[in-house]
Amino acid sequence: MAEKEYDDIPGTYVFDADRSRQGYWLNQFCISLGKEANRQAFRDDPEAHMAKFKMTEEQKQAVRDRDWNRLLELGGNIYYTSKLGAFDGIVFQDLAAMMSGMSRDDYRAMMVAGGRSPDGNRYKSEWEKK
Amino acid sequence: MAKITAGIACSHVPAIGVAMDQHITEQPYWVPVFEGFEFSREWNKKNKPDVVFLVYNDHCTVFDASCIPTFALGCAAEFAPADEGWGARPVPVVKNHQELASHIAQSLILDEFDMTIMNEMEVDHGLTVPLSVMFGDKTPEDDWGTLVIPLAVNVVQYPAPTANRCYALGQAIKRAVESWPEDINVHIYGTGGMSHQLQAQRAGLINATWDQQFMDILVNEPEKARKISHLEFLRETGSEGIEMVMWLVMRGALEEKVTEVHRHYHVPASNTAVGHLILENHA
Ligand SMILES: [Fe+2]
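Calculation criteria
- Residues numbered from 1 in each chain as written.
- Chains lettered and ligands numbered in written order.
- Predicted model: local features only at pLDDT ≥ 70, side-chain atom pairs only at ≥ 80, totals over all residues.
- Heavy atoms only, no water.
- Helix = DSSP H or I, 4+ residues; strand = E, 2+ residues; numbered from the N terminus.
- Buried < 20%, exposed > 50% of the residue type's maximum accessible area, 1.4 Å probe, protein only.
- Contact = heavy atoms within 4.5 Å.
- Areas by Shrake-Rupley, 256 points an atom, 1.4 Å probe, with all protein chains shown as cover.
- Lys, Arg positive; Asp, Glu negative; His and termini not counted.
- Charge placed at Lys NZ, Arg CZ, Asp CG, Glu CD.
- Donors = N, O, S within 2.8 Å, 3.2 Å for Na, K, Ca; no water.
- Phe/Tyr/Trp six-rings, centres within 6.5 Å; stacked < 30°, edge-to-face > 60°.
- Salt bridge = Lys/Arg side-chain N within 4 Å of Asp/Glu carboxyl O.
- Polar contact = N/O pair within 3.5 Å; in protein donor to acceptor, adjacent residues only side chain to side chain.
- Nonpolar A, V, L, I, M, F, W, Y, C, P; charged D, E, K, R; others polar.
- Pairing = 2+ DSSP bridges.

**Digging into the overall build of chain A**
1) Next: Summing up its helical and strand segments, chain A has 10 helices and zero strands in all.
2) Next: Along chain A, helices (α) and strands (β) appear in the sequence α-α-α-α-α-α-α-α-α-α when read from the amino end.
3) Next: When the 130 residues of chain A are sorted by exposure, 50% land in the buried category.
4) Next: The contacts in chain A between residues at least 6 apart in sequence include a share of 46% that link residues at least 24 apart.
5) Next: For chain A, the exposed area adds up to about 6500 Å²; of that, 50% sits on carbon and sulfur atoms.
6) Next: With 20 positive and 22 negative side-chain charges, chain A shows a separation of 4 Å between the mean positions of the two kinds.

See the structure below:
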């Protein structure tokens, strides 16, 4: 993949055409969970339901592991992967906490206090110094 | 002649809809969010629109990855609230002004904006939350109290349409509405935003300073606002802050000079900064 102007933003996966192509079946699998019949199928036999979508083995493993950041790295988009989160009964804010490596309480407290500051969080180079 | 008399900017955080649907708006967490909407609801009663042209985005509820229209105009007779994984919101079905929607579709395409036309579509929180903000509590048996023409904008797969393109589309929507002979009052909504990032290690980013400056220039110096790059939105306001391009569609449909009659800004609602403006046209 060519270098992109937004690649230097830390802790962020910009869902562009390359990611969309890579994550297509993963995302289609996730969105299938928006329908109760599919949720039931996934509950009954996770492997059989996943097999209906042409996901890579890595993507399937990230689903099994509920590795939320890995799912994004493999082309998942948050609006899709959050449907898998909802399937597990995880509310959006708690999913965000997990992805950012914070406890649920610490993340909530950060949001109530005004959120994550942009200062120090604009460039990857700022994170590397830490 | 139909006339756009006001523009409304409004975040469409799903949790705002959930708070209303679960009747928990009196909880301390939510009080400051809803206080800022009290003026808006009174203002809305006094300035009741016949039609709301509502610019929003779908959050992979109705549109999946198989088809990603940049601008999709709702031309169906009505739009049911969609099931987003927890059952549909208990709010009214959205009714269209179908003749006006078709007229706008034709006018925009001849004006060289290549719209996708949706003759069947459900709508998610992106559309229903701003209506709840402005029109208050409604049950599925009620009427929203306005007709609604939805315009769904892709802001999920990069690149969303540019701020500049959205502004120009707004200008074309103004021309389309003003060429409709019926004497009706139209409001235009630009929804989504403000700063927020829902994904990965940087989740929770909020940039209140940037958000306030954005509202200032959107109102008073729209020629500056339309030049904001995608990179700036992504870096400064979080990956989902890019939704703010939809505010540019609204602003483009208004006069150059507008009166800001209301502003509300609060952090947080869930993961997001809530921003809201009511702008009246001078002319
Ligand atoms: Fe949104």
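**Re the coordination of the iron ion**
Residues and elements named next belong to chain B.
1) Next: Protein coordination at the iron ion comes from His 12 (NE2), His 59 (NE2) and Glu 243 (OE), with a distance range of 1.9 to 2.1 Å.
2) Next: When the donor residues of the iron ion are listed from N- to C-terminus, their spacing reads H-x46-H-x183-E. With His 12 in the loop between β1 (3-10) and α1 (14-21) and Glu 243 in the loop between α8 (230-237) and α9 (245-252), this pair connects stretches of sequence that are 231 residues apart.
3) Next: Using a relative accessible area of 3% as the deciding quantity, one classes His 12 as buried.
4) Next: Overall, the relative accessible area of 3% leaves Glu 243 in the buried class.

**Thoughts on the packing of aromatic side chains**
Centre-to-centre distance and the angle between the planes together describe a pair of aromatic rings.
Residue and element names in this part refer to chain A.
1) Next: For the structure on display, the rule yields 12 aromatic pairs over all chains.
2) Next: When the ring of Phe 29 is compared with that of Phe 53, the centres are 5.8 Å apart and the planes differ by 70°; the resulting orientation is edge-to-face. Residue Phe 29 is located in helix α2 (residues 24-32), and its partner Phe 53 is located in the loop between α4 (46-50) and α5 (57-65); the two are separated by 24 residues in the primary sequence. Accessibility assignment for this pair places Phe 29 and Phe 53 in one class, buried.
3) Next: Through successive ring pairs, a cluster of aromatic residues spans Phe 29, Phe 42, Phe 53 and Phe 87.

**Things to note about the interface of chain B and chain A**
How big an interface is tends to be stated in terms of the accessible area lost upon association of its parts.
1) Next: Across the boundary between the two partners, chain B contributes 36 residues, which contact 44 residues of chain A.
2) Next: Inspection of the chain B/chain A interface yields two salt bridges.
3) Next: For the salt bridge of A:Arg122 with B:Glu236, the shortest nitrogen-to-oxygen distance reads 2.8 Å.
4) Next: Taken together, the connections running from chain B to chain A amount to 23 residue pairs in polar contact (both at pLDDT 80 or more).
5) Next: Elements represented by at least two residues in the side of chain B that touches chain A include exactly α8 and β9 (258-269) of chain B.
6) Next: In terms of residue class, the side of chain B that touches chain A is built from 16 nonpolar, 14 polar and six charged.

**A word on the pairing of strand β8 (residues 185-191) of chain B**
Residues and elements named next belong to chain B.
1) Next: Burial within β8 is extensive, with seven of its seven residues counted as buried.
2) Next: Residues Asn 185, His 187, Tyr 189 and Thr 191 line one face of β8 and the alternating positions Val 186, Ile 188 and Gly 190 line the opposite face, and both faces are buried.
3) Next: Bridge analysis of β1 against β8 gives seven bridges, and the strand direction is parallel. If you follow Ala 6 over to β8, its bridge partner there is His 187.
4) Next: Relative to β8, strand β2 (residues 51-56) is paired through five bridges, and the arrangement is parallel. Bridge assignment links Val 55 to a residue of β8, and that residue is Gly 190.

**A short note on the environment of B:Val62**
Residue and element names in this part refer to chain B.
1) Next: Relative to the elements of secondary structure, Val 62 occurs in the loop between β2 and β3 (71-74).
2) Next: The class of Val 62 is partly exposed, set by a relative accessible area of 29%.
3) Next: Separated by 76 residues in sequence, Val 62 and Lys 138 have C-alpha atoms that sit 22 Å apart.
4) Next: Contacts of Val 62, omitting those with residues within four sequence positions, involve Ala 82, Met 121, Glu 122 and Val 123.

As far as function goes, none of this settles anything; it's purely spatial.
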